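Read off the chains here:
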Number of protein chains: 2
Amino acid sequence: VATVELISEPLDLEFAEPFRIARGVRTHGYNVLVHLRDGEHEGIGEAAPTVYYGESRATVLAALEVYREQLGDDPGAVRSISERLARTLRHNASARASLDMALWDLLGQRVGLPVHRLLGIDPTGAPTTSFTIGIDEPITMARNAAKAARQFKALKIKVGTEHDDEIIQAIRDVTDLPLYVDANTAWEPKEALRHIERLAQHNVTLIEQPVAAHDLAGLRFVRERSPLPVFADESCVGPHDVARLAGVVDGINIKLMKCGGITPALDMIATARAQGMRIMLGCMGAESSVAITAAAQISPLVDYADLDAALLLKADPFEGVTLTQGKLTLPDAPGLGVRRR
Amino acid sequence: VATVELISEPLDLEFAEPFRIARGVRTHGYNVLVHLRDGEHEGIGEAAPTVYYGESRATVLAALEVYREQLGDDPGAVRSISERLARTLRHNASARASLDMALWDLLGQRVGLPVHRLLGIDPTGAPTTSFTIGIDEPITMARNAAKAARQFKALKIKVGTEHDDEIIQAIRDVTDLPLYVDANTAWEPKEALRHIERLAQHNVTLIEQPVAAHDLAGLRFVRERSPLPVFADESCVGPHDVARLAGVVDGINIKLMKCGGITPALDMIATARAQGMRIMLGCMGAESSVAITAAAQISPLVDYADLDAALLLKADPFEGVTLTQGKLTLPDAPGLGVRRR
């Protein structure tokens, strides 16, 4: 009987600059690193809890204690473990994501294949990632956008302020890169439509989560009238949400920390594709290269990547996926291919 | 640049007894075996073409010539290849399935893992398989059912005749095993309901494809009134059909030969789960242990298996998955774990 040893430790991350979205501002991420040891190899994973999804570092550590008892004696059975953990204790998705990453890392190391290779994924198909411009004064956001435009091929713009129109205008004055605009639930449906009509005149690629997370009728209302593709983020947590969103949005934003890791993310991708939806793969505000590299492993399966969190940190303690002019390059090393700097 | 060599050969299969369903009778299967060689290992796959899904041995061989040019130089990128082949030439799913199986076989052999292990699947979760009783005189079907009941834990009963009620009554007189009843598109919706009402009195587990494949409104009509769970088979070919069937049926029957192999089957499983559907994993009438073992690799992910085709043959040239009182035991060997007897 092979068992795995689970060790967790705090991972404090500090943003290079305070990061603001429509719902608030953050300066730090209080994450958790997990290590799974099978006696020969060590898999690593990261939980990036957010209060919005009902998690904190304390709940992650508590959930890990529950999940520890359910890891079983067969760490290679990642799909069974993933389902068993979700059945044992719902929500707590970032805690499960950390274990799911570590299990795939372990399996990849055991057989000497990168995780994307285990999954039959062609790494040359990895997309470019957008870079996120947090909320600030329009002139500051434009300056940040101009700077980012030198390195990236697309920008994600956070809105949901008193001066959203000025923000887009100021950014459009300095760059013609594709823009993904993210309202983070800030608008009412009719207000959203007014904003979207104006955004459409600025060559915006898509609008993300224009209305409240629970308001699927509002999302559908906006989507049916919007000249821009409408994506769900806060409305799309796990696989079952993808099914509920059929016909409601044009695309979804999948995050490992919302759904519980690579395994459920693969399920979400399959379901979204079956429904003809487009797919963005995103991240939380504060994630190190552990979690970002885990997400990057499956990024060749999606249309848009927004995997920039590690770049927003003052110091990233890990290295893994790299960027060349915004394009993700997956590590060749077995497992996740992540190591401490 | 690693390229793979594709070799195909005919595989003639003969049924032990002529096999009849509502649409006709078969005595042989004219299948195709494929071999993919990377210089070190050899992956194997099988196409079981059926005219109902628009394929014959000749079309499989012709499609393989088209697909041969699209295999690319990276045989490990199974997901990309699977999508590329489907885009290059639609339909021809059994030809694609043979290549998809062979690619997973190759990848598994290259890293020394069974395919189910590559996919993170726990083999101890493999289900039991039902055994199929083809259409015949009620007394003969009952005799066959009684014989099968000694070895299996569930039976699939083919109906769609002038005397469907007598068939079920005769079988119920000899066994109380769970019965999956399969009408193979034979009934009109209202006729189906009359049959199903009677079946429900005989402790039948589910009714498969009661009405015509294209008649989704009819399927929904039946499902909304049926006391038994309604499954789609002929109405459910590939991943997009699963999305179209949300709310229309209670479950689906996935077959590698309908959808194009293990890769799209995994996508269908994910989508069906997201929609709360139950899943059966089935096979065509004539499949050797190559194709049956390929399907068995992902069987721990489903609720019902109907993977008995190799048992209906006069002689199965291959061995792979084995059965103990109907329960599937997956091979431990790398790749598909199939070899010639």
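Bear in mind the structure is a predicted one, so any value in this text is a computation, not a measurement.

Engineer: Explain the overall build of chain A to me, and be specific about the residues and the numbers.
Structural biologist: Each helix and strand in chain A was counted, giving twelve helices and 15 strands. Taken against the 2.2 N^0.38 rule, which gives 20 Å for 341 residues, the C-alpha radius of gyration of chain A at 19 Å falls within 12% of a compact globule. Counting only C-alpha atoms and orienting by the principal axes, one finds that chain A spans roughly 60 × 40 × 35 Å. Within chain A, buried positions represent 62% of all 341 residues. Restricting to contacts in chain A with at least 6 residues of sequence separation, those with at least 24 account for 70%.

Engineer: Mind laying out helix H3 (residues 93–111) of chain A, listing which residues take part and the relevant values?
Structural biologist: Residues and elements named next belong to chain A. With 19 residues, H3 should reach 27 Å at 1.5 Å per residue; the first-to-last C-alpha distance of 27 Å fits that figure. Where burial is concerned, most of H3 is hidden: 17 out of the 19 residues are buried. Downstream of H3 by a residue or two, Gly112 has a phi angle that is positive, lying close to 75°.

Engineer: Lay out the interface of chain A and chain B with the relevant residues and their values.
Structural biologist: Of the residues lining the interface, 29 residues belong to chain A; the matching set on chain B comes to 29 residues. Summed over both partners, the interface of chain A with chain B comes to about 2200 Å²; 55% of that surface belongs to carbon and sulfur atoms. Applying the counting criterion to the chain A and chain B interface returns two salt bridges. Here B:Arg117 ties to A:Asp74 by a salt bridge, and the two come within 2.7 Å at their closest N and O atoms. Counting every contact that joins chain A to chain B gives twelve residue pairs in polar contact (both at pLDDT 80 or more).

Engineer: Just give me the short version of the packing of aromatic side chains, but keep the residues and values in it.
Structural biologist: Scanning the entire structure with this criterion turns up ten aromatic pairs over all chains. Arranged with centres 4.9 Å apart and planes meeting at 85°, the rings of B:Tyr52 and B:Tyr53 form a pair that is edge-to-face. Each residue in the set A:Tyr180, A:Phe231 and A:Tyr304 is aromatic and connected to the rest through ring pairs, giving one cluster. Over the aromatic face of A:Tyr52 sits the side chain of A:Arg23, whose NZ or CZ is 3.7 Å from the ring centroid.

Engineer: Describe helix H11 (residues 262–274) of chain A, with residues and values.
Structural biologist: Helix length check: H11(A), at 13 residues, gives a terminal C-alpha distance of 18 Å against a target of 18 Å (1.5 Å per residue), a fit within 8%. Those residues of H11(A) that sit buried are A:Ile262, A:Thr263, A:Pro264, A:Ala265, A:Leu266, A:Met268, A:Ile269, A:Ala270, A:Thr271, A:Ala272 and A:Ala274.

Engineer: Could you give an account of the pattern of salt bridges, with specific residues and numbers?
Structural biologist: This structure, assessed with the given rule, holds 44 salt bridges over all chains. A salt bridge links B:Glu14 to B:Lys314; the shortest N-O distance between them is 3.3 Å. Of this pair, B:Glu14 sits in strand S1 (residues 5–21) while B:Lys314 sits in the loop between strand S11 (304–305) and strand S12 (318–319), and the two are 300 residues apart along the sequence. Judged by its relative accessible area of 33%, B:Glu14 falls in the partly exposed class. Accessibility expressed as a relative area gives 54% for B:Lys314, which makes it exposed. Here the residues in one salt-bridge network are A:Lys156, A:Lys158, A:Asp182, A:Glu208 and A:Asp306, joined through shared partners.

Engineer: Can you tell me about unusual backbone geometry, naming the residues and giving the values?
Structural biologist: In most cases, non-glycine residues show a negative phi, while peptide bonds are predominantly trans. Residue and element names in this part refer to chain B. Of note, Thr185 is a non-glycine position whose phi angle comes to about 70°, a positive value. Positionally, Thr185 belongs in the loop between strand S6 (179–182) and helix H7 (189–200). The backbone of Gln325 sits at a positive phi, close to 50°, despite the residue not being glycine. Its location among the elements puts Gln325 in the loop between strand S13 (322–324) and strand S14 (327–329). Accessibility expressed as a relative area gives 44% for Gln325, which makes it partly exposed.

Engineer: Run through the side chain of A:Lys156, naming residues and quoting values.
Structural biologist: Residues and elements named next belong to chain A. By the element assignment, Lys156 lies in strand S5 (residues 155–158). Overall, the relative accessible area of 1% leaves Lys156 in the buried class. Polar contacts involving the side chain of Lys156 include one to the side chain of Glu208, which spans 2.7 Å. At 3.1 Å, the side chain of Lys156 and the side chain of Asp306 are in polar contact. Excluding anything up to four places from it in sequence, Lys156 contacts Ser130, Phe131, Thr132, Ile133, Tyr180, Asp182, Glu208, Asn253, Met280 and Asp306.

Engineer: Can you explain the sheet that holds strand S6 (residues 179–182) of chain A? Please cite residues and give values.
Structural biologist: All names here are of chain A. In spatial order, the strands read S4-S5-S6-S7-S8-S9-S10-S11; together these eight strands make up an open sheet with parallel pairing. Since the sheet does not close on itself, it has two edges, and those belong to strand S4 (131–133) and strand S11 (304–305), each with one partner. Alignment of strand S7 (residues 204–208) against strand S8 (residues 230–232), held across two bridges, turns out to be parallel. Pairing of Ile207 across the sheet is with Val230, part of S8. Contacts from H11 reach strand S9 (251–255) and strand S10 (278–282) within the one sheet, and its direction differs from that of S9 by about 175°.

Engineer: Explain the relation of the copies chain A and chain B residue by residue, including any values.
Structural biologist: Relating one copy of the chain to the other requires a rotation about an axis plus a shift along that axis. Once chain A has been moved 0.0 Å along the axis and rotated by 180°, it coincides with chain B to within an RMSD of 0.0 Å. With respect to symmetry, the two chain copies, as superposed, fit the operation of a two-fold axis. Among all C-alpha atoms of chain A, that of A:Thr271 lies closest to the rotation axis, at 2.2 Å. A shared binding surface is used by both copies, with 100% of the interface residues of chain A retained as interface residues in chain B.

Engineer: Summarise the packing of helix H5 (residues 138–148) of chain B against helix H6 (residues 164–172) of chain B; cite the residues concerned and give the values.
Structural biologist: All names here are of chain B. Two numbers describe how H5 lies on H6: the axes approach to 8 Å, and their chain directions differ by 35°. H5 and H6 meet at a crossing whose hand is right-handed. Contacts between H5 and H6 pair Pro138, Met141, Ala142 and Ala145 from the former with Glu166, Ile167, Ala170 and Ile171 from the latter. The class makeup of the residues in the contact of H5 with H6 is seven nonpolar, no polar and one charged.

Engineer: Go over the sheet that holds strand S1 (residues 5–21) of chain A, please, and point to the residues and values.
Structural biologist: Residues and elements named next belong to chain A. An order of S1-S2-S3 is seen for the three strands of this open sheet, with the pairing classed as antiparallel. Each having just a single partner strand, S1 and strand S3 (42–47) make up the two edges of the open sheet. When strand polarity is set aside, the average angle formed by the axes of neighbouring strands in this sheet is 20°. Here strand S2 (residues 24–37) runs beside S3; their pairing, made up of six bridges, is antiparallel. Each bridged residue has a counterpart across the sheet, and for Val32 the counterpart in S3 is Ala47. Docked against the sheet, H3 engages S1, S2 and S3, running at close to 155° with respect to S3.

Rules and cut-offs
- Sequence positions are assigned chain by chain, starting from 1 and proceeding in written order.
- Going through the entries in the order they are written, you letter the chains from A and number the ligands from 1.
- Predicted model: local features are reported for residues with pLDDT of at least 70 only, side-chain atom pairs are reported and counted for 80 or more only, and whole-chain, interface and lining totals are derived from all residues.
- Side-chain metrics in this entry use all non-hydrogen atoms of the structure; hydrogen atoms and water are not considered.
- Only DSSP runs of H or I covering at least 4 residues are called helices, and only runs of E covering at least 2 are called strands; the numbering of each starts at the N terminus.
- Between the two quantities, the radius of gyration covers C-alpha atoms and the globule rule is 2.2 Å times the number of residues to the power 0.38.
- Here the term buried applies to any residue with accessible area under 20% of the maximum for its type, exposed to any over 50%, and partly exposed to those in between, with areas from a 1.4 Å probe on protein chains only.
- Residues are treated as being in contact if the distance between any of their heavy atoms lies within 4.5 Å.
- In a helix, the anticipated span is given by 1.5 Å times the number of residues less one.
- Defined in terms of a 1.4 Å probe, buried area is the accessible area two parts forfeit on being brought together, summed over both.
- A pair is scored as a salt bridge if a Lys or Arg side-chain nitrogen falls within 4 Å of a carboxyl oxygen belonging to Asp or Glu.
- Each polar contact in these results corresponds to two N or O atoms within 3.5 Å; when the atoms are within protein, one needs to be able to donate a hydrogen and the other to accept it, and residues that are neighboring in sequence are counted only if both atoms are side-chain atoms.
- In summary, the pairing rule links any two rings of Phe, Tyr or Trp, Trp by its six-membered ring, whose centres are within 6.5 Å, and it sorts them by plane angle into stacked for under 30 degrees, edge-to-face for over 60 and tilted for everything else.
- Sitting over a ring, as applied to charges here, requires NZ of Lys or CZ of Arg to be within 6 Å of the ring centre and within 35 degrees of the ring normal.
- One requirement defines pairing of two strands: DSSP has to find at least two bridges between them.
- Each axis is a line fitted through C-alpha atoms, taken for helices only over the stretch in contact, and angles between the N-to-C directions span 0 to 180 degrees.
- We place the copies in one frame by least squares, fitting the C-alpha atoms of every residue whose pLDDT is at least 70 in both.
- Should the near helix be turned anticlockwise from the far one by less than a right angle, the crossing is left-handed, and should it be turned clockwise, the crossing is right-handed.
- Throughout, the ten residues Ala, Val, Leu, Ile, Met, Phe, Trp, Tyr, Cys and Pro are labelled nonpolar, Asp, Glu, Lys and Arg are labelled charged, and all others, Gly among them, are labelled polar.

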